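# Observations on the model geometry
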Amino acid sequence: SVKSIGRDAIFIFDLKTNAEQKLEFDMDAIYSVAWSPDGERLAFQGIKGDQSDIYVYELKSRDLVNITDDIYSDHDPQWERDNRTIYFVSDRRDNPVGTANRRNMLIWNYDYHSSDIYSIGIDGRDLTRITNTPTIIEKSPTPGVGGNLLYISDRSGINNIYLRDSSGATRVLTNSISGIDQLAIASDDSKLLFNAWNDDGYDIFLLRLPFTLKYET
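Residues numbered from 1 in each chain as written. Predicted model: local features only at pLDDT ≥ 70, side-chain atom pairs only at ≥ 80, totals over all residues. Heavy atoms only, no water.

## Some thoughts on the sheet that holds strand E5 (residues 41-48)
Test applied: Should DSSP find at least two bridges between two strands, the strands are regarded as paired. By definition, any uninterrupted DSSP run of H or I lasting at least four residues is a helix, any uninterrupted run of E lasting at least two residues is a strand, and each is numbered from the N terminus. Axis definition: a line fitted to C-alpha atoms, over the contacting stretch in the case of helices. Angles run 0 to 180 degrees between N-to-C directions.
With antiparallel pairing, the four strands of this open sheet are ordered in space as E4-E5-E6-E7. Taken across any chain shown, the strands that pair with only one partner, and hence form the sheet edges, are strand E4 (29-35) and strand E7 (64-66). Averaged over all pairs of adjacent strands, the angle between their axes in this sheet comes to 25°, without regard to strand direction. Bridging between E4 and E5 involves five bridges; their strand directions are antiparallel. Counterpart to Ala34 in the pairing with E5 is Ala43.

Here you go:
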């Protein structure tokens, strides 16, 4: 997404033909645009007024749906391989989608410092809380095949990469002393890209076969 005449817009570029398509929505800001694996939909964080929600845009029909329409802060959407499920980060704790808005909740009475990972269907149903760590910040959920999930957590005080396997067990994969951000995984799970502070700036690093790693403490 980029700024366009005072508001954010999504640009799609065809690298083969150099054609471009501009998608404009009635949003104050757009972040974290993610393609569905089948290429038919986009998910993104949209901010409108004082709400930050997860939106799904159907490229063929041009239908736009807000799937987390409430006052809680939802961001970092990433697609599951089934094209029907989205992982995201939220401060909603155990509150279902749509249970709070400005009319029935005073946000200044709500402890919004908690940040956990959730999954939800593209129809806005089947909300599931994946992590439950009120004092730890988690972000950048990155699903792999077989129910594995990579994400970034500051559990040690510094952002590092963690793996939650299909059994629900969690282990740390990295031991960065400068912090890690922005995960991106190959479609076959063979490579993981991330950025981290290195010397005087951020660099991009490649980690091979991330789901097979075992960091020894």
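## What to know about the pairing of strand E9 (residues 85-90)
Put simply, the test is: Only protein chains enter the calculation, and the probe is 1.4 Å; a residue is then buried if its accessible area is under 20% of its type maximum, exposed if over 50%, and partly exposed in between.
Buried residues dominate E9, accounting for six of its six residues. Side chains of E9 alternate between two faces, with Thr85, Tyr87 and Val89 and Ile86, Phe88 and Ser90 buried alike. Two elements, strand E8 (residues 74-79) and E9, share four bridges in a ladder whose sense is antiparallel. Across the sheet, the residue bridging to Trp79 is Ile86, located in E9. What sits between the antiparallel neighbours E8 and E9 is a turn of five residues, in which Asn83 has the positive phi angle 65°. Where E9 and strand E10 (residues 116-121) come together, six bridges link them in antiparallel fashion.

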